[in-house]
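A look at the structure
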Amino acid sequence: MTVYLPIAELSVNIFIILGMGAAVGFLSGMFGVGGGFLITPLLIFYNVPPVVAVATGANQVVASSVSGAITHFRRGTLDVKLGTVLLMGGLAGASVGIWIFSWLRRIGQLDLIISILYVVFLGTIGGLMLAESLRAMRRAARNEALPLKRPGQHNWVHRLPLKMRFKKSKIYLSAIPVVGLGFAIGILTSVMGVGGGFIMVPAMIYLLRIPTNVVVGTSLFQIIFVTAYTTMVQAATNYSVDIVLATFLMVAGVIGAQYGVRVGQKLRGEQLRALLGLLVLAVGLRLALDLVLTPDDIYSIAVGGPSSR
Amino acid sequence: MRRIARALSLAFTLMALPATAQMLPGQAQSVREGLEIGTSTSEIAITSDFRGADLTIFGALTNTDELFLAIGQYDVVVALEGPRDYATVRRKERVFGIWMNTQSMTFEQVPESYSIASTRKIEDIQGLTTLSRMGTGVGIDHMTLSPTGYVGNAGSISDFRNAYKRLKLSNGLYQRDTTGVRFVSSSLFRATLKLPANIPDGVHIVHAYLFKSGDLIAQRELPLRVVKTGVEQAITDAAHEKPVAYGLLCVLIAIVTGWGASLAFRKD
């Protein structure tokens, strides 16, 4: 059964879209990630224009982070104050990101930059994840205890001015790195259509030394607003959010996520992370191949020109 | 059914036309040949399952010269020209091992889609070359593609022009059918144009040209509206005309979906 996507201007098989949404939702539930970094490349592989894939991906992340954030809010593992400070940076970053996005689109380098960013991020994250989980598996096989990490109490981040007290996280931290982190992730949200949790969570834990229990909930909280804002601005400036595509992806995604969570609880952590690492690497590799292999046609056409809009 | 009936009645009306022309044999030399056309529909609707369509155009020649008709000196070319816009062609080059767009050229106001049918191969209808020299540009090979802005290397213009035409032909937006126009009687013809599935919406123009021994002697135009219908049209309109409300709706759907899922699957 085919359905016409009015914004992507493409007829697609509805079951492939639903399957894609459910599979990514399943994985995101299993691994506790937003899934934006998988959905956008998959849509690009399925010939959805990158402009639409990025904007629609951001919209899809709103849905998956809402249901995640609600769960964390109920459990009390969400620091609203910390999330709000992150959000201020995030909104500013997303605005700058949209501007970069439109500019890249105008000069015809958008597809290239999106691909390169994905290759770099997916390659790095996938590689780190795989290496880390293999180490953990080897340790488990040799029956070793986890090496006790006691990081230094302070690093350069903690010497910055403008300190604020975050009660729920029980930390006293400068607002500058928090806003800065939000800003950087905000740019990625606009340009790549991701929530950015896969970068924000490690950065919050290792760089800002925020207690692990509030990190995921708080990042989800700010991702909701940044991705919602990005969806709005993409819709207003590039007209590139496909509501039909987004709805199918979201509905299939949130349902898939619920089953993913259940399966994820039964599997072992290291194996799970190794699998996700492999998957992320594979998607990155596929995008990298498209960049390096000789294209079928070195020419391409875009409707519109410098003075037409 | 009604559409077919309308087309048929039009065909019969047109069939009657040459009869009146033949009643004035003496004046055949002084009266110029005429061309009348009609389409099977004035509007093409793109629904969600649109897979392309055929457009049938009926036409009749009036005041034709029996002798020229008998030796096949009349040629008809029918073209459906899509809405015009700027088009930018980009060329990739390998830079540090990565293929990226390095050069681009923007063409002024070219039709987004173009479907042409003729009685013979366009190249065999001699007048077309004179036409293209005059800048009318009938046919894909003769289409005017004038670059805008700074053109660095004049030699590459033809490369970009050829690439543009080749890409448009390969994605089906440009089509040509050298046998698409058929005479059903001595002066009544029927042309079938293929509309691709990815046809742009907007006002298209049906052009019909009549050639006599390679000279253009008559031409007619008819507008044809291509509209996205129903939900598709409403969504596209909303996205472009009320982008803020549209964006809000997208976000709202996302929030409701996410919230709904966390309610539906809540473990109590």
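What counts and how
Residues numbered from 1 in each chain as written. Chains lettered and ligands numbered in written order. Predicted model: local features only at pLDDT ≥ 70, side-chain atom pairs only at ≥ 80, totals over all residues. UniProt positions renumbered as here; feature names shortened; annotations may be inferred. Contact = placed C-beta atoms within 7 Å. Helix = DSSP H or I, 4+ residues; strand = E, 2+ residues; numbered from the N terminus. Nonpolar A, V, L, I, M, F, W, Y, C, P; charged D, E, K, R; others polar. Pairing = 2+ DSSP bridges. Domains from an automatic or database assignment. Core = buried A, V, L, I, M, F, W, Y, C linked by C-beta atoms within 7 Å. Buried ≥ 20, exposed ≤ 12 C-beta atoms within 10 Å, placed from the backbone.

As recorded in an unreviewed UniProt entry, chain B goes by the name TIGR02186 family protein, listed as coming from Rhizobium oryzicola.

Identification of chain A as Probable membrane transporter protein from Rhizobium oryzicola is taken from an unreviewed UniProt entry. Its UniProt record gives chain A the following Sequence similarities (unreviewed entry) comment, quoted word for word: "Belongs to the 4-toluene sulfonate uptake permease (TSUP) (TC 2.A.102) family."

1. Side note on the interface of chain A and chain B
Each partner contributes residues to the interface: chain A has 48 residues there, and chain B has 49 residues. Here the side of chain A that touches chain B gets 9 residues from one element, more than from any other, and that element is helix α9 (residues 243-266) of chain A. Broken down by class, the residue content of the side of chain A that touches chain B amounts to 31 nonpolar, 15 polar and 2 charged. Where strand β5 (residues 299-303) of chain A and strand β5 (residues 84-95) of chain B come together, 5 bridges link them in antiparallel fashion.

2. Section: the domain arrangement of chain B
It is common to give the size of an interface as the accessible area lost on bringing the parts into contact. As far as domains go, chain B holds domain 1 (2-81 + 112-140 + 158-228) and domain 2 (230-268). Across the contact, 5 residues belong to domain 1 of chain B and 4 residues belong to domain 2 of chain B.

3. Details of the UniProt feature "transmembrane region" (unreviewed entry) in chain A
According to UniProt, the positions carrying the feature "transmembrane region" (unreviewed entry) are residues 12-45, 85-104, 110-131, 171-200, 206-229, 241-260 and 272-289 of chain A. Each end of residues 272-289 of chain A is marked by a C-alpha atom, and these two atoms are 26 Å apart; helix forms 100% of the span and strand 0%.

4. So, the nonpolar core
Counting 136 residues, the largest nonpolar core has I224 of chain A together with I57 and V78 of chain B as the members making the most contacts within it. With 14 residues, the single largest contributor to this core is helix α8 (residues 212-237) of chain A. If you count residues domain by domain, this core takes at least three from each of domain 1 (2-81 + 112-140 + 158-228) and domain 2 (230-268) of chain B. Formed by 9 residues, the second largest nonpolar core is a distinct cluster that contains A87, F107, V110 and Y164 of chain B.

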